[in-house]
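Given next are the chains, with one letter for each unit.
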Amino acid sequence: MEMRHDNVGDVRRVVLVGRLDTAGVDVVETRFGAAIVPNGKNTIVDLSGVTFLASMGIRMLISTTRALSRKGGRLVMFGATPGVHDVIETAALTDIIPLASSENDALGLVG
Amino acid sequence: MEDGQTRVMTFARSANFTLEDRAHCLELIEGHDAGHRFIVGPAGVSIGRTAPADIVLADSEVSRSHCRLSLENDNILTVTDLNSTNGTFIDGVRISHPTAMPVGAVLRVGRQSLKHEWRTHREILQHDEFDRDIAKARSYVEALLPHPIGEGPFKTEWLYEPCSKLGGDAFGYGALSPTQIMLYMMDVSGHGAGAALHSVAVMNLLRQRALPNTDMSDPAQVLAALNHMFPMQDHAGMYFTLWYGIYDTASRQMRYASAGHHPAFLVPPDRSRAIGLRTRCAPVGADPGTRFSAATADIPPGASLYLFSDGVFEFVTRDGVEWGLNDFIPRLQRPRVEGLTESRRLFREVRRLAQPGGLDDDFTLLVLTFD
C-alpha cells in the first residue's frame, strides 16, 4: 500500500495506491490521518489506484473524515474503480463521505 | 473427510530445547486445527495420511507417505515429495525435487496449508498458552451460534470458518412469536479478538431480544437501536454491517433491513434466479444520523435464502483475479450436490478457486430452505 499527498491550491490531495485491506491499512493509516487531520484542510482522496477496499479501509476513511470534520474540513473521494465503487455502494458509504467521479468534480464539492 | 474438519494426529514434541533455542515449526493456517504447530527436529519429519508418518494428516488428498522435511546444509528446511498423488506445493508451486522452504513460506499438502516459522522454545510455549486462551474464546463464540434446524416451516444449515482464530462474523435465528422467526447476519469491521468481542456483545443482545424500547419485529427499529447503542467512536473505531429479517410463517413474508451489508439472496426451487434482498443504509455505528428503512419479500414454497459475510466472495483467485459479489451470485444458482450441504458446497467452490494458503477473511454462510 502506498500513499502520496500534495496540495491543489488550498485543498489537500491524497493519493492511495494498492489494496486497502487490513495489511494495507496497517501500513498507511497513521500517515493518512497525519496528512489530513492536523491542518484541517478540505481534502480530496484519489482512489483510482486502490484495487481492493475492505472493511478496515472503510473504517479508516470514516474515522479520518470524522476527525477532519471536527476541525471544520471536508473530505471527498474520487476515481473509484468499478470493484471499489461496488464496495462503496454496498456499504452506502456515500451517505457519509461524498464520492465524485473525477478530480475536478471532487475539487468542486470541497471548494 | 470434510474440508476444515481434518483430524490431526502428531508426534510428540520430541526435541530437547533450551528456552532460547530456535526451532523450525510448521503451523496449520486453515480449518478447525488452525494454529496447531509441529516442530521439525534435527532428524526431520515425514508427512502422510497414516502412521508411520511423523505428522499424520487425516485428509483423503494426502498420500499415505506424502513428503519429507529435513534440515539440510546449514539448518535449511528442505522439502522432498515422496511421489505423492496430488503433489507437494511451496507457495503455490509444485515441487519436483528437494526444495528449500524459507521462513514464512506456506507448504500445501492435500487440503492442508502449513506455514514455516522459526521460533524460540520460549515463544512456542507462550504461543501455546495464548492459543489455549483463544481456543476457549472461540468455543464461547461458537456456543452462541444456533443449532441447525432440520424440521419445521424452514430448515437451516451453516458454515462458520474464521480466517484467524477469532472472527467478527456472527449470525443467529430463533422464534420471536409463534409465527415470527428472527434471523440475522453481521460482520464487524476487521478480524481477531476485538472484532469477536464486539460481535459477541451484539449477539447476546439479539439472543435475549434485549434491545431497550425496541419492537424486535421491526427490522428498521432494530437497526436504529443498535446504531444508537454502538457508535464506532465509543467502540474502538469498529462498526458492523448487519442484515436482519423477520419471517412470518403465516403470511410467508420476510420483512428485512440491511445496514452496509450486501443483499441476502433468495433462490427459488428451480434455481432460475438469485433475488437480492437489501435496503440501502450505512453500517451500524458509522453515522449517528443514519435513517434505516425496511422492505418486504414474498417467500415461495421450496425457496432458499442465503445470508453470508463478505469473506465468502471477496478473495483473490489462483489466477490473481479479485473476486466480488457479482462473480459469486451465479454459484448460488448452481444445482445442489447430493450428500453435501449448500454451505459446504459453496465453501468447497471458493476454496477451489481461491489462492492456496487460506482465505483472507472469515467465511460465514447461512442457508434457510423454506417448506
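Preceding this paragraph is the structure being described.
The rules we used
- Residues numbered from 1 in each chain as written.
- Chains lettered and ligands numbered in written order.
- Predicted model: local features only at pLDDT ≥ 70, side-chain atom pairs only at ≥ 80, totals over all residues.
- Heavy atoms only, no water.
- Helix = DSSP H or I, 4+ residues; strand = E, 2+ residues; numbered from the N terminus.
- Rg over C-alpha atoms; globule rule 2.2 N^0.38 Å.
- Buried < 20%, exposed > 50% of the residue type's maximum accessible area, 1.4 Å probe, protein only.
- Areas by Shrake-Rupley, 256 points an atom, 1.4 Å probe, with all protein chains shown as cover.
- Lys, Arg positive; Asp, Glu negative; His and termini not counted.
- Charge placed at Lys NZ, Arg CZ, Asp CG, Glu CD.
- Contact = heavy atoms within 4.5 Å.
- Polar contact = N/O pair within 3.5 Å; in protein donor to acceptor, adjacent residues only side chain to side chain.
- Axes fitted to C-alpha atoms, helices over the stretch in contact; angles between N-to-C directions.
- Parallel < 35°, antiparallel > 145°, perpendicular 65-115°, else oblique.
- Left-handed = near helix turned anticlockwise from the far one by under 90°.
- Phe/Tyr/Trp six-rings, centres within 6.5 Å; stacked < 30°, edge-to-face > 60°.
- Pairing = 2+ DSSP bridges.
- Core = buried A, V, L, I, M, F, W, Y, C linked by side-chain atoms within 4.5 Å.
- Salt bridge = Lys/Arg side-chain N within 4 Å of Asp/Glu carboxyl O.

(A) View of the overall build of chain B. Scanning chain B for helices and strands turns up five helices and 22 strands. Expected size for 371 residues packed as a compact globule is a radius of gyration near 21 Å; at 23 Å, chain B falls within 12% of this value. Principal-axis analysis of the C-alpha atoms places the extent of chain B at approximately 70 × 45 × 35 Å. For chain B, the proportion of its 371 residues judged to be buried stands at 55%. Counting every atom, chain B has about 15,700 Å² of accessible surface; 51% of that belongs to carbon and sulfur. In chain B, 36 side chains carry a positive charge and 45 a negative one; their mean positions are 3 Å apart.

(B) How the structure looks around the overall build of chain A. When helices and strands are tallied, chain A shows four helices and five strands. Secondary structure elements of chain A, listed N to C terminal, follow the sequence β-β-α-β-α-β-α-β-α. The C-alpha radius of gyration computed for chain A amounts to 12 Å, which stays within 12% of the reference 13 Å derived for 111 residues, consistent with globular compactness. Along the longest, intermediate and shortest principal axes, the C-alpha atoms of chain A span 30 × 25 × 20 Å. Looking at chain A residue by residue over its 111 residues, the buried ones come to 50%. Put simply, 69% of the contacts in chain A that link residues at least 6 apart link residues at least 24 apart. When the accessible surface of chain A is summed, it comes to about 4,700 Å², and 50% of that surface belongs to carbon and sulfur atoms. Of the charged side chains in chain A, 11 are positive and 12 negative; the average position of the first set lies 8 Å away from that of the second.

(C) Region of interest: the side chain of Ser63 of chain B. All names here are of chain B. For Ser63, the position within the fold is in the loop between strand E5 (55-58) and strand E6 (67-72). A distance of 2.9 Å separates a polar atom in the side chain of Ser63 from the backbone nitrogen of Thr85. Among all residues touching Ser63, those that are not within four sequence positions of it are Gly48, Arg49, Ser84 and Thr85.

(D) Summary view of the packing of helix H4 (residues 325-332) of chain B against helix H5 (residues 342-353) of chain B. Residue and element names in this part refer to chain B. Put simply, H4 and H5 touch, their axes get as near as 11 Å, and they point 135 degrees apart. Compared by their axis directions, H4 and H5 come out oblique. H4 and H5 meet at a crossing whose hand is right-handed. Across the interface between the two elements, Phe328, Arg331 and Leu332 from H4 touch Glu342, Arg345, Leu346, Glu349, Val350, Arg352 and Leu353 from H5.

(E) Seen up close, the packing of aromatic side chains. Enumeration over the complete set of coordinates arrives at eleven aromatic pairs over all chains. Following the ring pairs from residue to residue traces out a cluster consisting of Phe265, Phe308, Phe313 and Phe328 of chain B.

(F) Quick look at the pairing of strand E1 (residues 2-8) of chain A. For E1 of chain A and strand E2 (residues 11-20) of chain A, the ladder comprises seven bridges, and the chain directions are antiparallel. Among the inter-strand pairings, His5 of chain A is bridged to a residue of E2 of chain A, identified as Val14 of chain A.

(G) Highlighting the sheet that holds strand E8 (residues 88-90) of chain B. Residues and elements named next belong to chain B. Pairing is antiparallel in the open sheet, where six strands are placed in the order E3-E2-E12-E11-E8-E9. On the outer flanks of this sheet lie strand E3 (37-40) and strand E9 (93-94), each paired with one strand and no other. Strand direction decides the pairing type here: strand E11 (residues 106-109) and strand E12 (residues 112-120), joined by four bridges, are antiparallel. Each residue of the ladder has a partner; that of Val109, found in E12, is Gln112. Its contacts with the sheet put helix H1 (residues 121-144) on strand E2 (22-28), E3 and E12, and the angle it makes with E12 is roughly 130 degrees.

(H) Representation of the nonpolar core in the model. Counting 57 residues, the largest nonpolar core has Leu206, Leu226, Tyr244 and Leu305 of chain B as the members making the most contacts within it. Residues in contact with Leu226 of chain B, not counting those within four places in the same chain, are Val202, Leu206, Leu211, Phe240, Leu242 and Val284 of chain B. Among the nonpolar cores identified, the runner-up in size contains 34 residues, and Val14, Leu16 and Ala67 of chain A together with Tyr239 of chain B belong to it.

(I) Molecular detail of the pattern of salt bridges. According to the stated counting rule, one finds 23 salt bridges over all chains in the structure shown. Here Glu103 of chain A ties to Arg13 of chain A by a salt bridge, and the two come within 2.6 Å at their closest N and O atoms. In this pair, Glu103 of chain A sits in helix H4 (residues 103-110) while Arg13 of chain A sits in strand E2, placing the two residues 90 residues apart along the sequence. Judged by relative accessible area, which is 24%, Glu103 of chain A ranks as partly exposed. Accessibility expressed as a relative area gives 21% for Arg13 of chain A, which makes it partly exposed. Among the ionic pairs, Asp21 of chain A bridges to Arg19 of chain A, the shortest N-O distance being 3.2 Å. Taking the relative accessible area as the measure of exposure, Asp21 of chain A reaches 17% and is therefore buried. One network of salt bridges, in which partners are shared, links Arg271, Arg331, Arg334, Glu342, Arg345, Glu349 and Arg352 of chain B.

Taken by themselves, the reported measurements are silent on function.
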